[in-house]
Amino acid sequence: MTPENLPIEQYDDQLAEKTARLTAMMSPFNAPQPDVFRSPVSHYRMRAEFRVWHDEGDLYHIMFDQQTKARVRVDQFPTASELINRLMPVLISAIKQDPALRRKIFQIDYLSTRSGKIIASLLYHRKLDDEWQQAATALRDQLRADGFDIQLIGRAAKTKIMLDQDYVDEVLPVAGRDMIYRQVENSFTQPNAEMNIQMLEWALKATENSTGDLLELYCGNGNFSLALARNFRRVLATEIAKPSVAAAQFNIAANHIENVQIIRMAAEDFTQALNGVREFRRLQDVDLSGYECNTIFVDPPRSGLDDETVKMVAGYDRILYISCNPETLCANLETLSTTHSVTRLALFDQFPYTHHMESGVLLEKI
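Since the structure is predicted, the reported quantities are computational estimates derived from the model, not experimental observations.

Examining the state of the cysteines
Part 1 of the reasoning: Evaluated as defined, the whole model comprises zero disulfides.
Part 2 of the reasoning: This cysteine, Cys-293, is not joined by any disulfide, and Cys-219 carries the nearest cysteine sulfur, 13 Å off.
Part 3 of the reasoning: Cysteine Cys-324 is unpaired, with the sulfur of Cys-330 as its nearest cysteine sulfur at 13 Å.
Part 4 of the reasoning: Overall, the relative accessible area of 18% leaves Cys-324 in the buried class.

Remarks on the layout of surface pockets
Part 1 of the reasoning: In this structure, the largest pocket encloses a volume near 1200 Å³.
Part 2 of the reasoning: Considering the residues around the largest pocket, the lining is formed by 35 residues, among which Arg-45, Met-63, Gln-66, Phe-77 and Thr-354 are closest to the centre.
Part 3 of the reasoning: Taken together, the elements giving at least two residues each to the lining of the largest pocket come down to strand S2 (47-55), strand S3 (58-64), strand S5 (105-112) and strand S6 (117-124).
Part 4 of the reasoning: Broken down by element, the lining of the largest pocket gets its largest block of residues, five residues, from S2.
Part 5 of the reasoning: Its residues assigned to classes, the lining of the largest pocket shows 17 nonpolar, eleven polar and seven charged.
Part 6 of the reasoning: Taken together, 39 residues form the lining of the second largest pocket, with Phe-188, Thr-189, Gln-190, Asp-299 and Pro-300 sitting closest to its centre.
Part 7 of the reasoning: Within the residue set of the lining of the second largest pocket, elements represented by two or more residues are strand S9 (167-174), strand S10 (177-184), helix H5 (193-206), helix H6 (223-228), strand S12 (235-239) and helix H8 (267-274).
Part 8 of the reasoning: Of the residues assigned to the lining of the second largest pocket, the class counts are 18 nonpolar, twelve polar and nine charged.

Observations concerning H5
A turn of α-helix holds 3.6 residues, and therefore any two residues three or four places apart point the same way.
Part 1 of the reasoning: The end-to-end C-alpha separation of H5 is 20 Å, in line with the 20 Å expected for 14 residues at 1.5 Å each.
Part 2 of the reasoning: Summarising burial for H5: ten of the 14 residues are buried, a large majority.
Part 3 of the reasoning: Within the span of H5, buried status applies to Ala-193, Met-195, Asn-196, Ile-197, Met-199, Leu-200, Trp-202, Ala-203, Leu-204 and Ala-206.

Comments concerning the pattern of salt bridges
Part 1 of the reasoning: Taken as a whole and judged by the stated rule, the model has 17 salt bridges.
Part 2 of the reasoning: For Glu-194, the salt bridge identified is with Arg-114, shortest N-O distance 2.7 Å. With Glu-194 in helix H5 and Arg-114 in the loop between S5 and S6, this residue pair connects regions lying 80 residues apart in the sequence.
Part 3 of the reasoning: When its relative accessible area of 37% is taken as the criterion, Arg-114 is described as partly exposed.
Part 4 of the reasoning: In this structure, the salt-bridge partner of Asp-169 is Arg-182, at a minimum N-O distance of 2.9 Å.

Quick word on the UniProt feature "active site" (unreviewed entry) in the chain
Part 1 of the reasoning: Taken from the UniProt record, the annotation "active site" (unreviewed entry) applies to Cys-324 and Glu-358. What stands out for the annotated residues spanning 35 residues is how close their C-alpha atoms remain, the widest pair being 4.5 Å apart. Restricting the annotated residues to those that line the second largest pocket leaves Cys-324 and Glu-358.
Part 2 of the reasoning: With respect to the helices and strands, the residue Cys-324 is situated in the loop between strand S15 (318-323) and helix H10 (326-336).
Part 3 of the reasoning: Among all residues touching Cys-324, those that are not within four sequence positions of it are Pro-300, Pro-301, Arg-302, Met-357 and Glu-358.
Part 4 of the reasoning: Mapped onto the fold, Glu-358 is located in strand S17 (residues 358-365).
Part 5 of the reasoning: Those residues in contact with Glu-358, other than ones at most four positions away along the chain, are Gln-190, Met-199, Ile-322, Ser-323, Cys-324, Ala-346, Leu-347, Phe-348, Gln-350 and Phe-351.

Topic: the nonpolar core
Part 1 of the reasoning: Grouped together as the largest cluster of nonpolar side chains are 41 residues, with contacts concentrated most on Met-26 and Ile-296.
Part 2 of the reasoning: In this view, Ile-296 contacts Leu-214, Leu-215, Leu-217, Met-312, Val-313, Tyr-316, Arg-318, Ile-319 and Leu-320; residues no more than four positions away in its chain are not counted.
Part 3 of the reasoning: Membership of the second largest hydrophobic core comes to 37 residues, among which are Met-179, Phe-297, Leu-320 and Ala-346.

Overview of the UniProt feature "binding site: S-adenosyl-L-methionine" (unreviewed entry) in the chain
Part 1 of the reasoning: The UniProt entry lists Gln-190, Tyr-218, Asn-223, Glu-239 and Asp-299 under the feature "binding site: S-adenosyl-L-methionine" (unreviewed entry), expressed in the numbering used here. The subset of these annotated residues that lines the second largest pocket comprises Gln-190, Tyr-218, Asn-223, Glu-239 and Asp-299.
Part 2 of the reasoning: Position of Gln-190 among the secondary structure elements: in the loop between S10 and H5.
Part 3 of the reasoning: Here Gln-190 falls in the buried class, since its relative accessible area comes to 11%.
Part 4 of the reasoning: Those residues in contact with Gln-190 that sit more than four places away from it in its chain are Arg-47, Asn-196, Met-199, Asn-223, Phe-224, Asp-299, Gln-350 and Glu-358.

Let's talk about the environment of Tyr-291
Part 1 of the reasoning: Relative to the helices and strands, Tyr-291 resides in the loop between H8 and strand S14 (293-298).
Part 2 of the reasoning: For Tyr-291, a relative accessible area of 12% gives the class buried.
Part 3 of the reasoning: The spacing of Tyr-291 and Gly-212 is 79 residues in sequence and 8.1 Å in space, taken between C-alpha atoms.
Part 4 of the reasoning: Ignoring sequence-local partners within four residues, the contact set of Tyr-291 consists of Asp-213, Arg-233, Arg-234, Val-235, Leu-236 and Gln-261.

Here's the deal with helix H1 (residues 11-26)
Part 1 of the reasoning: Helix length check: H1 (16 residues) gives 23 Å between terminal C-alpha atoms against 22 Å at 1.5 Å per residue, within 8%.
Part 2 of the reasoning: Taken residue by residue, H1 has Tyr-11, Leu-15, Lys-18, Thr-19, Arg-21, Leu-22 and Met-26 as its buried positions. Down the axis of H1, the buried set is contained in an arc of 165°. They therefore lie on one face.
Part 3 of the reasoning: Of the surrounding elements, those touching the buried residues of H1 are strand S1 (35-37), H10, strand S16 (340-348) and S17.

Quick look at the sheet that holds S1
The strands making up a sheet are joined through hydrogen bonds of the backbone, oriented either antiparallel or parallel.
Part 1 of the reasoning: If you trace the eight strands from one edge of the open sheet to the other, you get S1-S16-S17-S15-S14-S11-S12-S13, paired in mixed fashion. In this open sheet, the two strands that pair with only one neighbour each are S1 and strand S13 (260-264). Put simply, the sheet's adjacent strands are angled 15° from each other on average, direction ignored.
Part 2 of the reasoning: Against the sheet, H8 engages strand S11 (213-217), S12 and S13, with an angle of about 140° to S11.
Part 3 of the reasoning: Where H10 meets the sheet, its contacts fall on S15, S16 and S17, and the angle it forms with S15 comes to roughly 160°.

Calculation notes
Residues numbered from 1 in each chain as written. Predicted model: local features only at pLDDT ≥ 70, side-chain atom pairs only at ≥ 80, totals over all residues. Heavy atoms only, no water. Disulfide = S-S within 2.5 Å. Buried < 20%, exposed > 50% of the residue type's maximum accessible area, 1.4 Å probe, protein only. 1 Å grid on protein atoms, 1.4 Å probe; cavity = no way out; pocket = protein on both sides within 12 Å on 5 of 7 lines; lining within 4 Å. Points joined across faces, edges and corners; volume = space filled by probe spheres on them. Helix = DSSP H or I, 4+ residues; strand = E, 2+ residues; numbered from the N terminus. Nonpolar A, V, L, I, M, F, W, Y, C, P; charged D, E, K, R; others polar. Expected span 1.5 Å × (residues − 1). Salt bridge = Lys/Arg side-chain N within 4 Å of Asp/Glu carboxyl O. UniProt positions renumbered as here; feature names shortened; annotations may be inferred. Contact = heavy atoms within 4.5 Å. Core = buried A, V, L, I, M, F, W, Y, C linked by side-chain atoms within 4.5 Å. Arc of directions from axis to C-beta. Pairing = 2+ DSSP bridges. Axes fitted to C-alpha atoms, helices over the stretch in contact; angles between N-to-C directions.

This is the structure in structure tokens:
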């Protein structure tokens, strides 16, 4: 596969192989057959990062082949959203023609939305001065005149220049409601928007008719906690990254959701607070005893849940677990399956044409 040529005709076979692999991995835990959610076969990634190659008078996006490490020129990238593909040639052409924008640029990062907004971050191996800012402002104005709803950001060592703002607001239709999600440049967001919608709707279906409250660890910008709030009395969520917490607070207000509380705290620290191991000043105004969290939602990093968090989540009646790494999910299930049974399983094809699988399980106490 090259960056400009997707093997679309192989998609069904690849998805079938992932389904078989996940089913086999989950068989020791007596999991049901997975619900399988297909990705669009092209233009599914809302984010993309490219190195910029200087070739005498030319300038273009490149990627490196993961196997051979060879440099590959990329003029179009059908994996990325149509909006990113429209902007790529226009932006690179404008940068190429302006010395202030061109000098020592080495990377461009794109973040786009289904709602037509996009951020382009220009990364440099030099100090960004007033001349750069004037040129970038003129470029932004021209791109907007050309019809792009764009934010332009400059980055260099210990420097970040925002001409306006460093976020875009996405709108996702989730089970009959439009959900607004602020997405911050250089912070985590789900890369495949259509798959994100399907994950949210699966999680809603898995938790319908819930009673009590929901606890979520690693909540990011509130992607899951805000969507799931309609199924619970209250939602208590934790997140450590400041930009994500700020975005989550905005999203709570923008979606007029009144039963979600976000706490800025690492999952490991919050586990200690719940277990009474330590007291934390930032929790002094939070009445943890007032929550009746019988369901916990976790969407951990690729390393999975640490041992202490596994012990903590095992105390909940229901565990909703989204995993980007089935190997660490299975490692966690070795412990959790002694107290819980897997009642739902899902495969979300977040990354087509790759080995990677995103999966979801609902665990209910035996």
